[in-house]
Amino acid sequence: MAIHYARGIPSAGIFAGPVAWLLNTQINYALTPWICAHQVMLVPVIALAMAAISLFGGFLSWSAYRTSSVTPKPDSTGAGRPHRFVAIIGVAIACLFSLVILVQGAGGFIFHGCER
Amino acid sequence: MSDVLATHEPVAPIGRKSEAYAPVNPRELRDNQIDGPELTTRLAKTWGTAPGLLGALSTVDHKIIGRRYITTAFMFLFLGGLSAVFMRLQLARPENGLMGPDLYNQLFTMHGTTMMFLFGVPIGEALAVYLVPLMVGTRNIAFPRLNAFSYYVYLFGGLMIWIAFMLNIGADTGWFSYVPLSGPEYSPGKRVDFWAQMITFTELSGLAVAVEIVVTVLKQRAPGMTLDRIPLFVWAVFVNSFVIIFALPAVMIASTMLILDRLVGTHFFNPAEGGDALLYQHMFWFFGHPEVYIIFLPATGFVSAIVTTFARRQAFGYLPLVLSLIATGFLSFGLWVHHMFTVGLPQLGASFFTASSMLIAIPNGIQIFCWIATLWDGRPVVKTPLLFVLGFFFIFVAGGLSGIMLASVPIDTQVHDTYFVVAHFHYVLIGGNVFPLLGAIYYWFPKFTGRMMSERLGKWNFWLAFIGFNMAFFPMHITGLMGMPRRVYTYQAEMGWGTLNLVSTVGALILFTSFVLFLINVITSLRHGMMAGPNPWESGTLEWAAASPPHPQNFDRIPVVTNREPLWAERSAIPVATGLSVDNRELIVSTVTEARADLREASPEPSLWPFIAAVATAVAFIGSIFTPWAVLWGGSAVGIALIGWFWPKGAKEDES
């Protein structure tokens, strides 16, 4: 595990972001009747946890980006280092999906779960 | 020239050598032993299709199958367009008596079904079948027999539902066939059954092609085409294929459950017996929303290819463009409930889908800005393909903006099932798919046929399409806001919708005229178009390194890729890999991320079995509309065909 922290996993953000978002959507959607019945503001809490998972994937991608060789740059015409390319896409996907998760979580501050 | 077997490092772990390093049969002629026209002729014979009907039905050449796919999809586009024209004529004035409600119901169902299932999904895959092997520098698509099978299944499914329509048993419950309207109680007869089986046909075909594209992109890329050198069109259809693989099973299962409810007496969607009608909507839209992106994603690939070529510079922001494709692919699966905002779901639950629906605008916006930046920083040459792309920017962005509005529950509730929604999705789908597609046909026509299309007719085509489209669909925003509901066959004069509907009808006729002009351009250019040469647009991607039209083997020697736009980087001569068999169908299998040459792999010979299997499948599917026992005897026929197909014959190469 420690080696993953040190070297990172290039594609971690690509998988962690969407999986966390999928879980966030499904768990919160399934919990809506329970939230209505018990009036517990659970949606933002779950969203925060899922955003953290997504960002952790992004962190692993970022670590992979930092530790892989510097040249050539992934967006240059002389590209050819797919690990750096995958890693930077992983960071961006993780950030985007964290944003989506947090915006979904904001719904929990507005609705009580019983509105139809 | 580099040698496949010598220049690339082994990728297999030490002690487990790749088959690529197996000794070569010294008696077998290899492509480094001959050159020039002799090599071209011999390879063309090896990879060619036999003449005659049997040869045509047995072919596994991705270009021939791709051409058939494209032609068939356009045939369905014209049929779908004609049904729209008839609907518009009926709605041109209040209380028009051109047709009655029954025919109108069939027409809007056939229009939606055809455009979504028989045109929208297949056209992206059709162009991918033709272009992806050329763009990644290989000789044929992966699983070429499955490719042939998928085409025949698609053709039979499309013909089945259109023949049913001509016999007055056309589906009439909308392209989504919601229960309970489509259930046994409210839709007796065979109309909905034909619709449901057509879904099975076309989705089976779509899934097969998606698998072929994924494998071709992952394992058959030319040496050197690392993940970050893959052309953006290929990225687009690659992501699209994954969306297809995960989305299409949902609607196949839904339509199968529907047909079971109708024919076998199950109660999946019957609330009176413990079923759930909303389950159908969830399953349908779990497919139905990604479907929008299945239609849009290949078009982003067309746009990227056209913009790069005509801006005369590499795509600005290759990385964010790929990021946008992947993000859109994932996000497309989390929006489906916005089609169901009015069914009474909890507002908190709906808000999650509002959030995702609004934020998918981020990756799509990134794409638009990258394309504009590419044009801004380039030296744009405004030929017909680029004209269609510019039209796409205008129309798609307008459709995207009304989409953001519809993601909001209160607005959606007000305009649900009105012409505002019709306007929105035609802006998104025609803007997002048809305009780039027409541009793509103008762009790749020289590659398909060896001849250029007329620029003069092309410009007329564009302006008629652009004006006609906006005239037809912009007024629908207003008729929708005035309260005109969708799927009504007529309306009363007092409603005040008459003038706007007349404008829409005139626009639709102009739009249809533009398509007739397009057809005339295609037919005349096929005969009299200027000869194109291999690379008439001076593009940078590999398909332009092949002859126009390409030889059966695509390339005499497999190119080695050193840049994202290999033809711009290697202007004098593109490096190649050699060592493949000349007399046997052989191609390079490469590694997933770095595209190092890994194996020499045999590619299947032509066979009649895919056609026979498709006929057996069609008989089983159509038979099961009339009797459930057809699944049993039809399944046996399909089984026999598959046994013939997969009977171990050994590769010709291994036997020699």
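Each chain carries its own residue numbering, running from 1 in the direction its sequence is written. Key to labels: chains lettered from A, ligands numbered from 1, both in the order written. In keeping with the predicted nature of the model, local features appear solely for residues at pLDDT of at least 70, side-chain atom pairs appear and are counted solely at 80 or more, and the whole-chain, interface and lining totals rest on all residues.

Enquirer: Explain the overall build of chain B here, please?
Expert: From N to C terminus, chain B includes 21 helices and five strands. A radius of gyration in this sense is built from C-alpha atoms; the matching globule rule multiplies 2.2 Å by the number of residues raised to 0.38. Relative to the 2.2 N^0.38 estimate, which gives 26 Å for 656 residues, the radius of gyration of chain B is 25 Å and therefore close to what a compact globule would have. Seen along its three principal axes, the alpha-carbon backbone of chain B occupies a region of about 85 × 60 × 50 Å. The burial criterion counts other C-beta atoms lying within 10 Å of a residue's C-beta, which is placed from the backbone; the residue is buried at 20 or more, exposed at 12 or fewer, and partly exposed between these limits. For chain B, the proportion of its 656 residues judged to be buried stands at 55%. Within chain B, contacts between residues at least 6 apart in sequence are counted, and of these 80% link residues at least 24 apart. Labels follow the DSSP assignment, with helices taken as runs of H or I lasting at least four residues and strands as runs of E lasting at least two, numbered in each case from the N terminus. Here the contact rule is simple: place C-beta atoms from the backbone, and any two residues whose C-beta atoms are within 7 Å are in contact.

Enquirer: Where do I start with the overall build of chain A in this structure?
Expert: What chain A contains, in helices and strands, is four helices and zero strands. Along its sequence from the N terminus, chain A presents helices and strands in the succession α-α-α-α. Relative to its full complement of 116 residues, chain A shows a buried share of 50%. The long-range fraction of contacts in chain A, counting pairs at least 24 apart against all pairs at least 6 apart in sequence, stands at 80%.

Enquirer: What's the story with the environment of isoleucine 161 of chain B in this structure? I'm lost.
Expert: With respect to the helices, strands and loops of the structure, isoleucine 161 of chain B is situated in helix α6 (residues 144-166). Those residues in contact with isoleucine 161 of chain B that lie beyond four places of it in its chain are Thr113, Ala171, Phe194, Trp195 and Met198 of chain B.

Enquirer: What's the story with the confidence of the model for chain A in this structure? I'm lost.
Expert: The predicted coordinates ought not to be read in detail in places where the model reports low pLDDT. For every residue, the pLDDT score states the predictor's confidence, bounded by 0 at the bottom and 100 at the top. Per-residue pLDDT for chain A averages 88, and the proportion of residues at 70 or more is 86%. When mean pLDDT is taken per element in chain A, helix α3 (residues 43-67) of chain A scores highest with 95 and helix α1 (residues 2-7) of chain A scores lowest with 68.

Enquirer: Before we go on, may I ask you to explain helix α15 (residues 419-449) of chain B in this structure?
Expert: In an α-helix there are 3.6 residues to a turn, and that puts residues three or four apart on one side. Bend is the name given here to the angle between axes fitted to two runs of seven residues, the run ending at a residue and the run starting at it. At tyrosine 443 of chain B, α15 of chain B is bent by approximately 40°, the largest bend along its length, and proline proline 446 of chain B sits one to four residues beyond. Burial within α15 of chain B is extensive, with 29 of its 31 residues counted as buried.

Enquirer: I would appreciate a short explanation of the interface of chain B and chain A in the present structure.
Expert: Interface size, as often reported, equals the accessible area lost upon joining of the parts. Facing 28 residues of chain B, the contacting portion of chain A comprises 30 residues. Elements that contribute at least two residues to the side of chain B that touches chain A include exactly α10 (318-331) and α11 (347-359) of chain B. By residue number, the principal contributor to the side of chain B that touches chain A is α11 of chain B, which donates eight residues. All amino acids are sorted into three groups, where Ala, Val, Leu, Ile, Met, Phe, Trp, Tyr, Cys and Pro are nonpolar, Asp, Glu, Lys and Arg are charged, and the leftover types, Gly among them, are polar. Tallied by class, the residues present in the side of chain B that touches chain A amount to 14 nonpolar, 10 polar and four charged.

Enquirer: In this structure, what is going on with the environment of alanine 493 of chain B? I would like to understand it.
Expert: Residues and elements named next belong to chain B. Turning to its location among the elements, alanine 493 is positioned in the loop between α16 (455-481) and α17 (498-528). According to the C-beta neighbour criterion, alanine 493 is exposed, with 10 such atoms within 10 Å. A C-alpha to C-alpha distance of 67 Å links alanine 493 and lysine 45, two positions 448 residues apart in sequence. Sequence-distant contacts of alanine 493, defined by excluding residues within four places in its chain, comprise Pro94, Glu95 and Gly498.

Enquirer: Please clarify how the packing of α15 of chain B against α16 of chain B should be interpreted in this entry.
Expert: In a pair of packed helices, the angle between the axes and the distance between the axes together describe the arrangement. Residues and elements named next belong to chain B. Axes here mean lines fitted to C-alpha atoms, for a helix over just the part in contact, with angles spanning 0 to 180 degrees between N-to-C directions. The contact between α15 and α16 brings their axes to 8 Å, and the two run at 170°. By the criterion of interaxial angle, the relationship of α15 to α16 is roughly antiparallel. Residues Tyr419, Phe420, Val421, Val422, Ala423, His426, Tyr427, Ile430, Leu438 and Tyr442 of α15 lie in contact with α16, whose contacting residues are Gly458, Ala465, Phe469, Phe473, Phe474, Met476, His477, Thr479, Gly480 and Leu481. When the residues that make up the contact of α15 with α16 are grouped by side-chain class, the tally is 15 nonpolar, five polar and no charged. An angle below 35 degrees is treated as roughly parallel, one above 145 as roughly antiparallel, one from 65 to 115 as roughly perpendicular, and anything else as oblique.

Enquirer: How do you make sense of the UniProt feature "transmembrane region" (unreviewed entry) in chain A when you look at a structure like this?
Expert: Residue and element names in this part refer to chain A. UniProt's entry tags residues 12-31, 43-65 and 85-111 with the feature "transmembrane region" (unreviewed entry), counted in the numbering of this structure. Secondary structure across residues 43-65 comprises 100% helix and 0% strand; the distance between its end C-alpha atoms is 33 Å. The span residues 85-111 carries 96% helix and 0% strand; its end-to-end C-alpha distance comes to 40 Å. UniProt positions are given in the numbering used here, feature names are shortened, and annotations may be inferred rather than shown by experiment.

Enquirer: Please clarify how the domain arrangement of chain B should be interpreted in this entry.
Expert: Residues and elements named next belong to chain B. As assigned here, chain B comprises domain 1 (60-528) and domain 2 (608-654). For the domains described, the bounds stem from an automatic or database domain assignment. Domain 1 and domain 2 are separated by 30 Å when their C-alpha centres are compared. Domain 1 puts 15 residues into the contact, and the matching count from domain 2 is 11 residues. Take the side of domain 1 that touches domain 2: its biggest share by element is seven residues, from α6. Across the side of domain 1 that touches domain 2, the residue classes break down as 10 nonpolar, two polar and three charged.

Enquirer: For this particular structure, what's the right way to read the UniProt feature "domain: Cytochrome oxidase subunit I profile" (unreviewed entry) in chain B?
Expert: The UniProt record annotates "domain: Cytochrome oxidase subunit I profile" (unreviewed entry) at residues 41-562 of chain B. What you have in residues 41-562 of chain B is 69% helix and 0% strand, and the ends, taken at the C-alpha atoms, are 28 Å apart.

Enquirer: I keep staring at the nonpolar core and nothing clicks. Help me out?
Expert: For soluble globular proteins, nonpolar side chains are generally found buried alongside one another. Here, a nonpolar core means buried Ala, Val, Leu, Ile, Met, Phe, Trp, Tyr and Cys residues linked by C-beta atoms lying within 7 Å of one another. The biggest cluster of nonpolar side chains holds 230 residues, and the ones touching the most others in it are Ile89 and Ile93 of chain A together with Val132, Val234, Ile306 and Ile326 of chain B. Once residues within four sequence positions are removed from consideration, isoleucine 306 of chain B is found in contact with Pro385, Leu386, Val389, Gly439, Ala440 and Tyr443 of chain B.

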